[in-house]
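# Structure assessment
Each chain is listed here by its residues.
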Amino acid sequence: MSWPEFLGWLDAIGFDLGGYHISLLGGFKVLTVAIGVMVIGWTLTRLVRRLFRNLTRLDLAQQVLGEKLVNIVVWTALVLIGVDILGINLTALTVFSGAFGLAIGFGLQKTLGNLISGIILLMDRSIEPGDVIAVGSGADKTVGKVNRIGIRAVAVTTRDHIKYLIPNELLMTSAVENWTASTKDERMKVPVRVAYDTDLDLAERLMLQAIEGVERVQPEPKPAVWLVNFAEKGIEFEIQVSISQPEIGTGAIRSAILRNVWRLFQEHGVVIPEG
């Protein structure tokens, strides 16, 4: 059997539906074009990603935004080319366009909403890859580092190395704390209480001394000690420091500062009240 005869045999295995002939040959054409579109699409997507990663004059947010916009154009063009190759007459689908469009609208409502939200997040630069954000409040608060802003969700890794996918739309409609909006460092506060008969100038100097040499504490902005309250059981201070890599945790830094405070207070007779 020659190749034209084989194609004719495949085309003969089918049935007519209205003015269209649905056959095994047509199914193979659709499958071949679909696979071709997917392969070419993923290949071009990877090339676009590599291209934008090499554009070092753009920051990371601009690279991600440009990559996503170009990818949308690429996939749209490939789908239209595939439809043209298959010879599908889109005007013939006008009878079904209302119901089909309504079904697609409901099905893709969240996806399109998240896509648009992700693009807006990248355009207004309120959240960028590498930022440390906090979403939620109280016990439900999730704190982590933004690894990737995707089409559907933002990938966040917490201090416990747990990966979360937070829908882009949620970040647009909820209160979000960006701990690194202007810098990749975080301002950390450590409360300390002293007795009322304490020499406050001495206590302040000791607390500033306790910060020295603690790993990941940054020299700028300068550490500070603030008197914040005259409480019932003592005078309350707050040590404020800027730390690097907040996404890997703050517990070790807080512990080191408090241990130094305790040691220096013991050496100089500064009393920490009970309670």
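See the structure shown above.
In what follows, the accompanying structure is described. Every value quoted in this text rests on a predicted model; they were computed, and no experiment measured them. For every chain, the first residue of the written sequence is number 1, and numbering continues from 1 along that sequence. Owing to the predicted nature of the model, reporting of local features is limited to residues with pLDDT of at least 70; listing and counting of side-chain atom pairs is limited to 80 or more, with chain, interface and lining totals taken over all residues. Hydrogens and water are ignored here; the side-chain numbers use all heavy atoms of the structure.

### Section: the overall build of the protein chain
- Secondary structure follows DSSP: runs of H or I at least 4 residues long count as helices, runs of E at least 2 residues long count as strands, and numbering of each begins at the N terminus. Counting its regular elements, the protein chain contains eight helices and 11 strands.
- To sort residues, take the accessible area from a 1.4 Å probe on protein chains only and compare it with the maximum for the residue type: under 20% means buried, over 50% means exposed, and anything in between is partly exposed. Per-residue burial over the protein chain gives 35% buried out of 275 residues.
- Any two residues whose heavy atoms approach within 4.5 Å are treated as being in contact. When contacts within the protein chain are restricted to residue pairs at least 6 apart in sequence, those whose partners lie at least 24 apart make up 60%.
- If you sum the accessible surface of the protein chain, you get close to 17,500 Å²; carbon and sulfur atoms cover 62% of it. Accessible areas in this description were obtained via Shrake-Rupley with a 1.4 Å probe; residue shielding takes into account the shown protein chains only.

### A few points about helix 8 (residues 251-268)
- In this model helix 8 runs 26 Å from its N-terminal to its C-terminal C-alpha over 18 residues, within 8% of the 26 Å that 1.5 Å per residue would give.
- Listed in full, the buried residues belonging to helix 8 are Ile-253, Ile-257, Asn-260, Val-261, Leu-264 and Phe-265. Each buried residue of helix 8 lies within a common arc of 130 degrees when the element is viewed along its axis, so the set occupies one face. In helix 8, the exposed residues that point more than 90 degrees away from the buried face are Ala-252 and Arg-259.
- On the buried face of helix 8, the contacting elements are strand 8 (186-194), helix 7 (200-211), strand 9 (217-218) and strand 11 (234-243).
- Of the residues flanking the end of helix 8, it is Gly-269, one or two places downstream, whose phi is positive at about 75 degrees. Here, expected helix span is obtained from the residue count minus one, scaled by 1.5 Å. The directions considered for the arc are those from the helix axis to the C-beta atoms.

### A closer look at the side chain of Ser-244
- Positionally, Ser-244 belongs in the loop between strand 11 and helix 8.
- Here the side chain of Ser-244 touches Gln-218 through a polar contact of 3.3 Å, side chain to side chain. Distance and chemistry together define a polar contact, namely a pair of N or O atoms within 3.5 Å, with one atom able to donate a hydrogen and the other to accept it when in protein, and with adjacent residues in sequence counting only for side-chain atoms on both sides.

### Here's the deal with the nonpolar core
- With 24 residues, the main nonpolar core has Met-207, Ile-239, Val-241, Ile-257, Val-261 and Phe-265 as its most contacted residues.
- Those elements giving two or more residues to this core turn out to be strand 8, helix 7, strand 11 and helix 8.
- For this core, the element with the highest residue contribution is helix 7, accounting for six residues.
- Contact partners of Val-241, with chain neighbours within four places excluded, come to Glu-186, Arg-187, Met-188, Ile-211, Val-217, Pro-223 and Ile-257. In this text, buried Ala, Val, Leu, Ile, Met, Phe, Trp, Tyr and Cys residues form a nonpolar core when linked through side-chain atoms within 4.5 Å.

### Thoughts on the sheet that holds strand 6 (residues 163-167)
- Here the rule is simple: two strands pair whenever DSSP picks up at least two bridges between them. Across the sheet, which stays open at both edges, the five strands sit in the order 6-5-4-3-7 with antiparallel pairing between neighbours. The outermost strands of the open sheet, each flanked by one partner alone, are strand 6 and strand 7 (176-178). Taking each pair of neighbouring strands and ignoring which way they run, the sheet shows an average axis angle of 40 degrees.
- Direction of pairing for strand 4 (residues 142-149) relative to strand 5 (residues 153-158): antiparallel, over a ladder of five bridges. Among the inter-strand pairings, Gly-144 is bridged to a residue of strand 5, identified as Thr-158. Axis definition: a line fitted to C-alpha atoms, over the contacting stretch in the case of helices. Angles run 0 to 180 degrees between N-to-C directions.

### A short note on the pairing of strand 8
- Burial along strand 8 is one-sided: Glu-186, Met-188, Val-190, Val-192 and Val-194 are buried, while Arg-187, Lys-189, Pro-191 and Arg-193, pointing the other way, are not.
- Two elements, strand 8 and strand 11, share nine bridges in a ladder whose sense is antiparallel. Within the sheet, the bridge partner assigned to Arg-193 lies in strand 11 and is Glu-236.

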